[in-house]
Amino acid sequence: MVITSETPVREIVLERPGAIPLLEELGIDYCCGGKHTLGEACSRRQLGVSTVLDMLARQQPQPSDTNWQTARLTELTQHIVEKHHAFTREQLRLLQEVAEKVQRRHGDRHPEIPEVYKAIAALIAETTHHFYCEENILFPYIGSLEEGEKPAQPPFFDTVDQPVTRMMMEHDQTGDELRHLRELTNNYQPPPDACTTFRALYRALDELERDLHQHIHLENNILFPRVLAIAREQR
Ligand SMILES: [Fe+2]
Ligand SMILES: [Fe+2]
């Protein structure tokens, strides 16, 4: 594939998953905002598109382990649950503990910390509900859809488009929360007087963001379009 300024960011990542770390480094949104062209995404970040095209051209294309565009959907949903849901749950649990400690020690001198703590609590509430819906309703339904079987339980929706649209709206909300956290934390740059725990908090938030971007990309750009296509064929 020849990448130009007109190529949608989502297409770049679908074709070259190895480009994800570079896009993360540059702050280019490839999950919720993946439909935008590379040119549009670069101007949002005030980056020169030709420089970014050069960087992409210099990258060695890396073979990704699994091609999620052709793998079985149940393999993909299992990968999402075991890798991304598990990581997010554990990381948020840890973040809440660390943020509480930092708030106790430094909250009075750093008013952003109580806000960070609140944002982590909001993310925990959102993802707990969201993951529950995916793991217990949508993903099992996708399994039956792929097998062409009647679902084990009658679904709570008329067509699968409804929960998919709902999940994508919730992904946008999570994207907004992550942007809010970036603003609060000055792009996860700890202040000069930050102690080790303070630094660990910002580093863990950065890791959470990277993982959530990859996770939302797999759902928005690969899983859901494939599910909608199968559902259309079966109608
Ligand atoms: Fe998910
Ligand atoms: Fe999701």
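The protein is annotated in an unreviewed UniProt entry as Iron-sulfur cluster repair di-iron protein of Paracidobacterium acidisoli. The UniProt entry for the protein carries the following comment under Subcellular location (unreviewed entry): "Cytoplasm".

## Quick notes on the overall build of the protein
Looking only at helices and strands, one finds eight helices and zero strands in the protein. When the helices and strands of the protein are placed in sequence order, the string is α-α-α-α-α-α-α-α. Relative to the globule expectation of 18 Å for 235 residues, the C-alpha radius of gyration of the protein, 19 Å, shows essentially globular dimensions. Its C-alpha atoms put the protein at 60 × 45 × 25 Å along the principal axes. Out of the 235 residues in the protein, the part that is buried amounts to 43%. When contacts within the protein are restricted to residue pairs at least 6 apart in sequence, those whose partners lie at least 24 apart make up 74%.

## Some details on the pattern of salt bridges
When the charged atoms of two side chains with opposite charge come close together, those side chains can pair. Using the criterion set out here, one finds 13 salt bridges in the structure. For the salt bridge of E25 with R210, the shortest nitrogen-to-oxygen distance reads 3.9 Å. Remark: R210 occurs in helix α8 (residues 196-234) and E25 occurs in helix α2 (residues 20-26); sequence separation between them is 185 residues. Taking the relative accessible area as the measure of exposure, E25 reaches 58% and is therefore exposed. Here R72 ties to E147 by a salt bridge, and the two come within 2.7 Å at their closest N and O atoms. Within this pair, whereas R72 is found in the loop between α4 (49-58) and α5 (73-106), its partner E147 is found in helix α6 (residues 112-147), the two being separated by 75 residues in sequence.

## Side note on the coordination of the iron ion (ligand 2)
Here the iron ion (ligand 2) is held by H130 (NE2), E134 (OE), H171 (NE2) and E219 (OE), and the distances to it run 2.0 to 2.2 Å. Of note, the iron ion (ligand 2) draws all its donor residues from one chain, in the sequence arrangement H-x3-E-x36-H-x47-E. Between the iron ion (ligand 2) and the iron ion (ligand 1), a separation of 3.2 Å is found, and both are coordinated by E134. Residue E134 is located in helix α6, and its partner H171 is located in helix α7 (residues 161-184); the two are separated by 37 residues in the primary sequence. Accessibility expressed as a relative area gives 0% for E134, which makes it buried. H171 gets classed as buried once you look at its relative accessible area, which sits at 2%.

## Observations concerning the domain arrangement of the protein
One can read the domain layout of the protein as domain 1 (9-58) and domain 2 (73-234). Each of domain 1 and domain 2 has a C-alpha centre, and these two points are 21 Å apart. Contacts between the two partners involve 10 residues from domain 1, matched on the other side by 12 residues from domain 2. Both sides of the domain 1 and domain 2 interface together cover about 970 Å² of buried area, and 56% of this is carbon and sulfur. Along the contact surface separating domain 1 from domain 2 lie one salt bridge. Where domain 1 meets domain 2, there are three residue pairs in polar contact (both at pLDDT 80 or more). Of the residues contributing to the side of domain 1 that touches domain 2, the split by class is six nonpolar, no polar and four charged.

## Concerning the side chain of D211
As for its placement among the helices and strands, D211 is situated in helix α8. When near neighbours in sequence (up to four residues on either side) are disregarded, D211 contacts K83, H84, F87 and T88.

## Quick notes on the packing of α5 against α6
Between α5 and α6, the shortest axis-to-axis distance is 10 Å and the interhelical angle comes to 165°. Regarding the angle of α5 to α6, the classification is roughly antiparallel. As α5 packs across α6, the resulting crossing turns out to be left-handed. When its residues are assigned to classes, the contact of α5 with α6 shows 16 nonpolar, eight polar and five charged.

Analysis parameters
Residues numbered from 1 in each chain as written. Chains lettered and ligands numbered in written order. Predicted model: local features only at pLDDT ≥ 70, side-chain atom pairs only at ≥ 80, totals over all residues. Heavy atoms only, no water. UniProt positions renumbered as here; feature names shortened; annotations may be inferred. Helix = DSSP H or I, 4+ residues; strand = E, 2+ residues; numbered from the N terminus. Rg over C-alpha atoms; globule rule 2.2 N^0.38 Å. Buried < 20%, exposed > 50% of the residue type's maximum accessible area, 1.4 Å probe, protein only. Contact = heavy atoms within 4.5 Å. Salt bridge = Lys/Arg side-chain N within 4 Å of Asp/Glu carboxyl O. Donors = N, O, S within 2.8 Å, 3.2 Å for Na, K, Ca; no water. Domains from an automatic or database assignment. Buried area = accessible area lost by both parts, 1.4 Å probe. Polar contact = N/O pair within 3.5 Å; in protein donor to acceptor, adjacent residues only side chain to side chain. Nonpolar A, V, L, I, M, F, W, Y, C, P; charged D, E, K, R; others polar. Axes fitted to C-alpha atoms, helices over the stretch in contact; angles between N-to-C directions. Parallel < 35°, antiparallel > 145°, perpendicular 65-115°, else oblique. Left-handed = near helix turned anticlockwise from the far one by under 90°.

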